[in-house]
Amino acid sequence: MAAPRRLRMALLEHELAQARFQYNLVLAAILEAAERERQRARRRERRWWVREWILRRPLFGQYETLMKELEAEHAVDFKAFLRMEPQMYYELLNRVGPRITKSLREGTIGLPQPDSLPNDDRDTPYYMVGDDAFPIRQYMLMPYPHRHLARDERIFNYRCSRAGVPYIGQPP
């Protein structure tokens, strides 16, 4: 009688050891998953996901209040964004701004005559790329509104945005 009882006890101890082993495996997997999630969350924390002055564009516009604010707060970004010192920017703005405004009002912007693109026999007109701040004109290309766009409209918006954006970062 003692032998079967010892055998049962040995089997129970073996099953208990297996259960502890499985428990430890599950616990290790949970802890490893939690650690991976913690590391992923740490990787997501960045100093600037988008710079603050870029986030303020919809509030202040791109070239009025925002340019002055950018010059005052982030002089390095101002120079990288426009590729020129603030003094040069304001000098050019004072010299050319009134002429551009007058040309836009009168519709005499002075774009070249339509010309054919390479490997094409059709004449293609020249355009200016703008945004919502500009009035709709025949020579202006503007992006579509940003809600519920078809694929072609998203591609057009992307190409429009690349046409007017200077390189932001270190100059080449």
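Residues numbered from 1 in each chain as written. Predicted model: local features only at pLDDT ≥ 70, side-chain atom pairs only at ≥ 80, totals over all residues. Heavy atoms only, no water.

Topic: the overall build of the protein
Stage number 1. A tally of helices and strands in the protein yields seven helices and four strands.
Stage number 2. Each helix and strand of the protein, placed in order from N terminus to C terminus, yields the pattern α-α-α-α-α-α-β-β-β-β-α.
Stage number 3. Out of the 172 residues in the protein, the part that is buried amounts to 13%.
Stage number 4. In the protein, 19% of the contacts between residues at least 6 apart in sequence involve partners at least 24 apart. (Helix = DSSP H or I, 4+ residues; strand = E, 2+ residues; numbered from the N terminus. Buried < 20%, exposed > 50% of the residue type's maximum accessible area, 1.4 Å probe, protein only. Contact = heavy atoms within 4.5 Å.)

Points about the side chain of Asn157
Stage number 1. For Asn157, the location among the structural elements is in helix α7 (residues 151–164).
Stage number 2. Judged by relative accessible area, which is 9%, Asn157 ranks as buried.
Stage number 3. For Asn157, the contacting residues outside a window of four places in its chain are Pro143, Tyr144, Pro145, His146 and Leu149.

Describing helix α4 (residues 65–73)
Stage number 1. The set of residues buried in α4 consists of Leu66, Met67, Glu69 and Leu70. The arc that holds the buried residues of α4, viewed along the axis, is 165°, so those residues lie on one side. Exposed residues pointing more than 90 degrees away from the buried face of α4 are listed as Lys68 and Ala72. (Arc of directions from axis to C-beta.)

Digging into the packing of aromatic side chains
Stage number 1. This structure, assessed with the given rule, holds three aromatic pairs.
Stage number 2. Considering the side-chain rings of Tyr89 and Tyr90, the 5.0 Å spacing of their centres and the 70° angle between planes classify their relative orientation as edge-to-face.
Stage number 3. Judged by relative accessible area, Tyr89 falls into the buried class, the value being 11%. (Phe/Tyr/Trp six-rings, centres within 6.5 Å; stacked < 30°, edge-to-face > 60°.)

Observations concerning unusual backbone geometry
Stage number 1. Positive phi outside glycine occurs at Asn119, with the angle close to 60°.
Stage number 2. Inspection of the secondary structure puts Asn119 in the loop between β1 (115–116) and β2 (123–124).
Stage number 3. Overall, Asn119 belongs to the exposed group, its relative accessible area being 86%.
Stage number 4. The phi dihedral of His148 is positive, around 50°, even though this residue is not glycine.
Stage number 5. Position of His148 relative to the elements: it lies in the loop between β4 (140–141) and α7.
Stage number 6. The exposure class of His148 is exposed, given its relative accessible area of 81%.

Focus: a nonpolar patch on the surface
Stage number 1. A cluster of nonpolar side chains, contributed by Met88, Leu92, Val96 and Ile100, occupies part of the molecular surface with about 310 Å² of accessible area.
Stage number 2. Within the fold, Ile100 resides in helix α6 (residues 86–106).
Stage number 3. Under the relative-accessibility criterion, Ile100 is labelled partly exposed at 39%. (Patch = residues over 30% accessible without salt bridge, like charges linked within 9 Å, V, L, I, M, F, W, Y side chains within 5 Å. Areas by Shrake-Rupley, 256 points an atom, 1.4 Å probe, with all protein chains shown as cover. Salt bridge = Lys/Arg side-chain N within 4 Å of Asp/Glu carboxyl O.)

What about the pattern of salt bridges?
Stage number 1. Per the stated rule, a full pass over the model turns up six salt bridges.
Stage number 2. The salt bridge partner of Glu85 is Lys79, with a shortest N-O separation of 3.0 Å.
Stage number 3. A relative accessible area of 39% means that Glu85 is categorised as partly exposed.
Stage number 4. A salt bridge links Arg122 to Asp120; the nearest nitrogen and oxygen atoms lie 3.7 Å apart.

Side note on the nonpolar core
Stage number 1. Grouped together as the largest cluster of nonpolar side chains are eight residues: Trp53, Leu66, Met67, Leu70, Phe78, Phe81, Leu82 and Tyr89.
Stage number 2. Secondary structure elements with two or more residues in this core: α4 and α5 (75–82). (Core = buried A, V, L, I, M, F, W, Y, C linked by side-chain atoms within 4.5 Å.)

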